[in-house]
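Fold and contact review
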Amino acid sequence: MGSDWIRIRGARQNNLKNLNLRLPLNELVVVTGVSGCGKSSLAFDTIFAEGQRRYVETFSPYARQFLDRMDRPQVDAIDGIPPAIAIDQINPVRTSRSTVGTMTELNDHLKLLFARAARLHCRKCGRPVMRDTPDSIYARLQERTCGRSQQVLITFSVKIPENFSENEVAGLLAAQGYTRVRRCAPDILEVIQDRILIVPENRARLVDDLEAALKAGRGRVSVHPLGPQGEKNDPWRFSSGLHCADCDIEYHNPVPNLFSFNSPIGACPACRGFGRIIGIDYNLVVPDESRTLAGGAIKPWQTESYRECQSDLLRFARKRKIPTDVPWSHLSPAQRQWVLEGEGAWEEAKWYGVRRFFEWLETKSYRMHIRVLLSKYRAYTVCPDCGGARLKPEALLWRLGTDADAAHARSGSPASGDHGGAVPLPGLTLRDITLLPLGRCREFFAQLCIGAPLDEATELLLGEVRTRLAYLVEVGLGYLTLDRQSRTLSGGEVQRINLTTALGTSLVNALFVLDEPSIGLHARDVQRLMGVLNRLRGAGNSLLVVEHDPQVMLGADRILDLGPGPGEHGGRVVFFGTPAALLRSRRSLTARYLRGEKSVAPEEIRPTGNPNQDAAIEILGATENNLRNIDVRIPLNRLVCITGVSGSG
Ligand SMILES: [Zn+2]
Ligand SMILES: [Zn+2]
């Protein structure tokens, strides 16, 4: 069974003392020992480096130039090493385009799921927009006539192409059997498909008519109910496309990239998918709302250089009867709008407003002092077009779930990603979902019921989304949102996210090398982390984990204790075996800690120095993120510890 081990001969990287080792595959091995004893030298600099180097060598020379190559480690030989993946705590992300959603690949799954399973609602009337078929139209005709027999005229329109005359088109239609044709607009012909009574006996003929009319009318058909004298009433319109026939609004097909802010198809054009834009922040322009226009409410115009703008403002305001002696906060929204937006260009001797003033300044920004001035009033503001949703308004018309699902998932947290229409729509938009804490998100998808027919691909996607969310909650990250920017995550959070992503990709026969995955986790969550590590191993992978946490050590298949001391005093194997055997070991310092013979805080520590008893940082009414309006007093000249479960604030 020679292939079931990684065999290392003569490892001398950094302080390693010519180690010979056989590490079992498909086990969870914890490498432990005091800081600097050689844990990382063995796990990362030797084993991972060699696994990675061999993996890269399997690529062509052309592909290799794009991959990071690692130096050959100081070792005589390593055999039996599988492709290695390091999951460490380095957070390499700098771009705001990377979020928890993109890192976990959940955004990719969600965009596919939305394209397949979300329901479109009309932006004007709010009704679901679906593709009509002859059968669904027949069902709706029955609804509308409430079972009464009703005479109707089924028509469709044909556009007269350029370079064709009306007679030529009519001739072509006649050849297909359509003889009742009438011109209803300069280039549109209305063609009568049939005149028929809506009664159950006519069902087959009606469905045939509708099918033929949809085909000839390029997916559109009108059904005119006829009055008692045969007069034509306003038609009921149907469409086999994504088209609200009642409002005559056409919608695009839901391609997956419509639901991606990293794609030009889905990204809001105004902010290019960033959700915010850099612009003039009017809160900085009018920093003090108790000031009047005459009293200098518009801050940038209070200097000598722009005195002229201030007097223009007062002159035009008098003309328009806008009070210059009441506080800004008392002006009506329309009056403030007038001040900020103006009414025309300066060149036309009109009131140009604060906005055009800044536009003019932008043209002068090659001058240093103008750039300095502009920078004082610039800020990132929420994109006015998408309200921070990052997506095109059309993407927000697509919804998953019912009103009840949405209310349950949100339970109090603010809704956003509104489509800007007049009618509230049911369910959640993709944006709403990315704003939910992952724990809530998991509940939403767990109970989400996507109506039949569920094809196999949709079912797979939904399953994938559910398991990935469950993994994230399992490793104690239920408090994060998909929208959270990756660059703001801690190293421990990044590592645990990467761990769940590795689980989600169903890799097998790989070697995972991890660096203290328990870091930043409350003791409560470590057991759940163990569950995830065990599952990775259960899928046929091998794990090599550098770790100090006793729960992880005791849950391992084997422990490799290096030491005995740091630096030159380390680099040797003190113990290698099962946790049970380690507990019996006499040599290992780690074993003595695990048995509780040595504890970490034996001596009482008293504060030294003579700190001023009153000196403290006082924080009143803190409400950042999930803080509930707390007051805290933190004494100065002390070492103060803040604890709590992950995500507690
Ligand atoms: Zn509509
Ligand atoms: Zn936008």
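This structure is a prediction, so every number in the text was calculated from the model and none was measured.

About the cut-offs
Residues numbered from 1 in each chain as written. Chains lettered and ligands numbered in written order. Predicted model: local features only at pLDDT ≥ 70, side-chain atom pairs only at ≥ 80, totals over all residues. Core = buried A, V, L, I, M, F, W, Y, C linked by C-beta atoms within 7 Å. Buried ≥ 20, exposed ≤ 12 C-beta atoms within 10 Å, placed from the backbone. Domains from an automatic or database assignment. Contact = placed C-beta atoms within 7 Å. Helix = DSSP H or I, 4+ residues; strand = E, 2+ residues; numbered from the N terminus. Pairing = 2+ DSSP bridges. Axes fitted to C-alpha atoms, helices over the stretch in contact; angles between N-to-C directions. Parallel < 35°, antiparallel > 145°, perpendicular 65-115°, else oblique. Left-handed = near helix turned anticlockwise from the far one by under 90°. Expected span 1.5 Å × (residues − 1). Bend = angle between axes of the 7 residues up to and from the residue.

Looking now at the nonpolar core. Val 31 and Val 513 are the most contacted members of the largest nonpolar core, which totals 113 residues. Of the domains in this structure, domain 1 (5-91 + 491-594) and domain 2 (132-240) are the two that each give at least three residues to this core. Leaving out residues up to four positions away in the same chain, Val 31 has contacts with Lys 39, Leu 42, Ala 43, Leu 544, Val 545, Val 546, Leu 560 and Leu 562. Formed by 13 residues, the second largest nonpolar core is a distinct cluster that contains Ile 280, Val 339, Trp 351 and Phe 357.

In this section: unusual backbone geometry. Across the junction of Gly 563 and Pro 564, the peptide omega takes the value 0°, indicating a cis bond. When you line up the elements, Pro 564 lands in the loop between β20 (558-563) and β21 (572-577). Phi is positive for Asn 509, which is not a glycine, with a value near 55°. Within the secondary structure layout, Asn 509 lies in the loop between α17 (491-504) and β18 (511-515). Classification of Asn 509 as exposed rests on a count of 12 C-beta atoms within 10 Å. Positive phi is not limited to glycine here, since Asn 637 has a value of about 60°. As for its position among the elements, Asn 637 is in the segment after β23 (630-635). For Asn 637, a count of 13 C-beta atoms within 10 Å gives the class partly exposed.

What follows deals with the sheet that holds strand β9 (residues 181-185). Spatially, β9-β10-β8-β11-β12 is the arrangement adopted by the five strands of the open sheet, whose pairing is antiparallel. Looking along the sheet, the strands with just one partner apiece sit at the ends: β9 and β12 (236-239). Neighbour-to-neighbour, the strand axes of this sheet turn through a mean angle of 35°, independent of strand direction. Both strand β8 (residues 150-159) and strand β11 (residues 220-225) contribute to a ladder of four bridges, which runs antiparallel. If you follow Ile 154 over to β11, its bridge partner there is Val 223. Set on the sheet, helix α6 (residues 166-175) makes contact with β8, β9 and β10 (188-198); between it and β9 the angle comes to about 135°.

Quick look at the domain arrangement of the protein chain now. When cut into domains, the protein chain gives domain 1 (5-91 + 491-594), domain 2 (132-240) and domain 3 (276-382). Computed from C-alpha coordinates alone, the two centres of domain 2 and domain 3 are separated by 58 Å.

Where helix α5 (residues 134-145) contacts helix α7 (residues 203-216), the two axes come as close as 9 Å, and the packing angle between them is 125°. By the angle between their axes, α5 is oblique relative to α7. When you trace α5 past α7, the crossing you get is right-handed. Touching Pro 134, Asp 135, Ile 137 and Tyr 138 of α5 are Arg 203, Leu 206, Val 207, Leu 210, Glu 211 and Leu 214, all from α7.

Looking now at helix α1 (residues 39-57). Between its first and last C-alpha atoms α1 spans 26 Å; for 19 residues at 1.5 Å apiece the expected length is 27 Å, and the two agree. Of all bends in α1, the biggest is about 30°, found at Ala 49.

With that out of the way, let us pick up the sheet that holds β20. Ordered by their spatial adjacency, six strands build an open sheet running β5-β18-β19-β3-β20-β21, and the pairing between neighbours is mixed. If you trace the sheet from one side to the other, it starts and ends with β5 (84-87) and β21, each paired once. For this sheet, the mean angle separating the axes of adjacent strands, direction not counted, is 20°. As paired strands, strand β3 (residues 28-32) and β20 are joined by four bridges and run parallel to one another. When the sheet's bridge partners are listed, Val 30 is paired in β20 with Ile 559. Against the sheet, α1 touches β3, β5, β18, β19 (542-546) and β20, its axis set at about 135° to β5. Along the sheet face, α17 touches β5 and β18 and points at about 145° away from the line of β5.

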